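# Structure assessment
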Amino acid sequence: MATIKDVAKLAGVALSTASYALNGDSKVSAKTKSKVLEAARELNYRKNGFAMDLKRSRTNTIALILTDLSGPYYSELIRSVQDVALANGYDLIACSSMGERDSTAVRFLREKRVDGAIILAHNIHDDILVESAGSRFPIIVMDRHLSGDHLVNVLVDGEQGGYLATRHLIQEGHRTIAYISGPSNSYDNALRYQGYLRAMQEAGLEERSKWKLSGSFVREGGYSATKMMMLQGELPSAVFYGNDEMAIGGLKAFEESGISVPNDISVVGFDDIQLSEYVHPPLTTIRQPKHEAGSLAGHLLFQMLNGEAVNPSYTLTIDMVVRRSVRSVQSSNDTQPIQPA
């Protein structure tokens, strides 16, 4: 990686002159500045954010790092963190972790380009977070349980949520219940799946491997997993989708195949995104406290920035939201043969 010394050498100027030029100092002539910037472009030089921060105490900016900025789950979370940041006189940068170790998000963490970070991105490795966190750079983690100095966990009881969703289906008489999962490396998905298994085992029911499919927490994934499930020629009487986006994709797949929800099959989601109330039929789901979680994460981060002591972990509770995508069944043998369209 090119350094500022390399830029100064290529531009034929002193190191201090290159530094002034790159930082836009008016004491450098336009001609010299142009030479330095051209050299920086040729060398693909990037300023070292960590070195810059050693010269100033605060950036007055925090980062919210998400797996994907496009998901509807994230909009309310971003707003709640932004409100807390603005109330504290800070700016908020929301960025995606796509690219993992080579992502801009990881560079923000390693080079300390902001004053602290809130993480909801399962593809940023634990070691990066542990190494990056420090007394001058606190980190709030929202998608896994991680121990380390200057690291705080804000979690939602996903295991209980998975349990409540599955138990609701069982209480309505369902005995064959599929699970459409998120990414295999997702902490949230693992907890929801554990809750599903606990409810099934408690009721003396067995999970069937053919009805455990992955939808990667996205609408298209839920649609594809549902189509694949239908191709097997037999449907369960109910499906628990690991999040609402996948469930909405599943609703579309069922509708296209002439399968009625809930008359032919019942559906439960997880998250209670805004759209879940407006699809047909309105989706029974697990409500996550998105606004509360974002606000708590923001407040904890500013407490840590101000040197206040906080607990290492916080867990928020969830609620069951019953709408019209589930019906009661009576038969103990509730599978059905299908002929998908």
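Residues numbered from 1 in each chain as written. Predicted model: local features only at pLDDT ≥ 70, side-chain atom pairs only at ≥ 80, totals over all residues. Heavy atoms only, no water.

Under the counting rule described, the total for this entry stands at five aromatic pairs. Pairing tyrosine 179 with phenylalanine 240 gives two aromatic rings, centres 5.3 Å apart and planes at 55°, and the pair type is tilted. Taken as a pair, tyrosine 179 in strand β6 (residues 177-181) and phenylalanine 240 in strand β9 (residues 238-241) lie far apart in primary sequence, 61 residues in all. Across this residue pair, the class does not change: tyrosine 179 and phenylalanine 240 are buried. A centroid spacing of 6.0 Å and a plane angle of 20° characterise the contact between tyrosine 193 and tyrosine 196, whose relative ring orientation is stacked. Pair noted here: tyrosine 193 and tyrosine 196 are both in helix α9 (residues 187-202), with a separation of three residues, about one helical turn. Just as tyrosine 193 is buried, tyrosine 196 falls in that class too. (Phe/Tyr/Trp six-rings, centres within 6.5 Å; stacked < 30°, edge-to-face > 60°. Helix = DSSP H or I, 4+ residues; strand = E, 2+ residues; numbered from the N terminus. Buried < 20%, exposed > 50% of the residue type's maximum accessible area, 1.4 Å probe, protein only.)

In the predicted model, the protein chain carries a mean pLDDT of 90, and the fraction of residues at 70 or more is 91%. The low-confidence segment residues 52-56, where pLDDT is below 50, has eight contacts with residues more than four positions distant or belonging to other chains. (pLDDT = per-residue confidence, 0-100. Contact = heavy atoms within 4.5 Å.)

Take the sheet that holds β6 next. Across the sheet, which stays open at both edges, the four strands sit in the order β7-β6-β9-β10 with parallel pairing between neighbours. Of all the strands in the sheet, just β7 (212-214) and β10 (266-268) have a single pairing partner and so form its edges. This sheet shows a mean twist of 20° between the axes of neighbouring strands, independent of strand direction. Relative to β9, β6 is paired through four bridges, and the arrangement is parallel. Counterpart to isoleucine 180 in the pairing with β9 is tyrosine 241. Strands β6, β9 and β10 of the sheet are contacted by helix α8 (residues 158-171), whose axis makes an angle of about 170° with β9. Sheet strands in contact with α9 are β6, β7 and β9, and its direction is about 170° off that of β6. (Pairing = 2+ DSSP bridges. Axes fitted to C-alpha atoms, helices over the stretch in contact; angles between N-to-C directions.)

So, about the side chain of serine 276. With respect to the element layout, serine 276 can be found in the loop between β10 and β11 (285-287). The exposure class of serine 276 is buried, given its relative accessible area of 0%. Here aspartate 272 takes part through its side chain, which lies 3.1 Å from a polar atom of the side chain of serine 276. Contact partners of serine 276, with chain neighbours within four places excluded, come to Asp244, Pro282, Leu283, Thr285 and Arg323. (Polar contact = N/O pair within 3.5 Å; in protein donor to acceptor, adjacent residues only side chain to side chain.)

Attention shifts here to the pattern of salt bridges. A complete count under the given rule lists 10 salt bridges for this structure. The shortest N-O distance in the salt bridge between aspartate 143 and arginine 144 comes to 3.0 Å. Assessed through its relative accessible area of 7%, arginine 144 is described here as buried. Among the ionic pairs, lysine 227 bridges to glutamate 256, the shortest N-O distance being 3.3 Å. Here glutamate 256 lies in helix α11 (residues 244-256) and lysine 227 lies in helix α10 (residues 219-231), a separation of 29 residues in the sequence. (Salt bridge = Lys/Arg side-chain N within 4 Å of Asp/Glu carboxyl O.)

Turning next to the sheet that holds strand β3 (residues 117-120). Strand order in the open sheet formed by six strands is β2-β1-β3-β4-β5-β12, with parallel pairing between adjacent strands. Bordering the open sheet on either side are β2 (91-96) and β12 (313-316), each of which pairs with just one other strand. When strand polarity is set aside, the average angle formed by the axes of neighbouring strands in this sheet is 20°. In this structure, strand β1 (residues 61-66) lies alongside β2, joined through six bridges in parallel fashion. What sits directly across from isoleucine 65, in β2, is cysteine 95. Strands β1, β2 and β3 of the sheet are contacted by helix α5 (residues 72-87), whose axis makes an angle of about 170° with β1.

Another point: the nonpolar core. Among the nonpolar cores identified, the biggest contains 49 residues, and Ile140, Met142 and Phe254 are the most heavily contacted of them. Among residues more than four places away in sequence, those in contact with phenylalanine 254 are Thr226, Met229, Met230, Leu235, Val239, Tyr241, Ile259, Val261, Ile265 and Val267. (Core = buried A, V, L, I, M, F, W, Y, C linked by side-chain atoms within 4.5 Å.)

Turning next to the packing of helix α2 (residues 15-22) against helix α3 (residues 30-43). Where α2 meets α3, the closest approach of the two axes is 9 Å, and the angle between their N-to-C directions is 90°. In this view, α2 runs roughly perpendicular relative to α3, as classed from their interaxial angle. From α2, Thr17, Ala18, Ala21 and Leu22 reach across to α3, where they touch Thr32, Lys33, Val36, Leu37 and Ala40. Classifying every residue of the contact of α2 with α3 gives six nonpolar, two polar and one charged. (Parallel < 35°, antiparallel > 145°, perpendicular 65-115°, else oblique. Nonpolar A, V, L, I, M, F, W, Y, C, P; charged D, E, K, R; others polar.)

Before going further, it helps to spend a moment on the packing of helix α1 (residues 4-11) against α2. One can describe the packing of α1 onto α2 by two numbers: an axis separation of 9 Å at closest approach and a directional angle of 105°. It follows from the interaxial angle that α1 and α2 lie roughly perpendicular. Judged by residue contacts, Ile4, Lys5 and Ala8 of α1 engage Leu15, Ala18, Ser19 and Leu22 from α2. Tallied by class, residues from the contact of α1 with α2 come to five nonpolar, one polar and one charged.

Within β1, six of the six residues are buried, leaving the element largely enclosed by the surrounding structure. For the handedness criterion, the β-α-β arrangement of β1, α5 and β2 is classed as right-handed. Relative to β3, β1 runs parallel, the two being bridged by four bridges. In the sheet register, alanine 63 faces β3, and the bridge partner there is alanine 117. (Right-handed = clockwise from strand over helix to strand, strands pointing away.)

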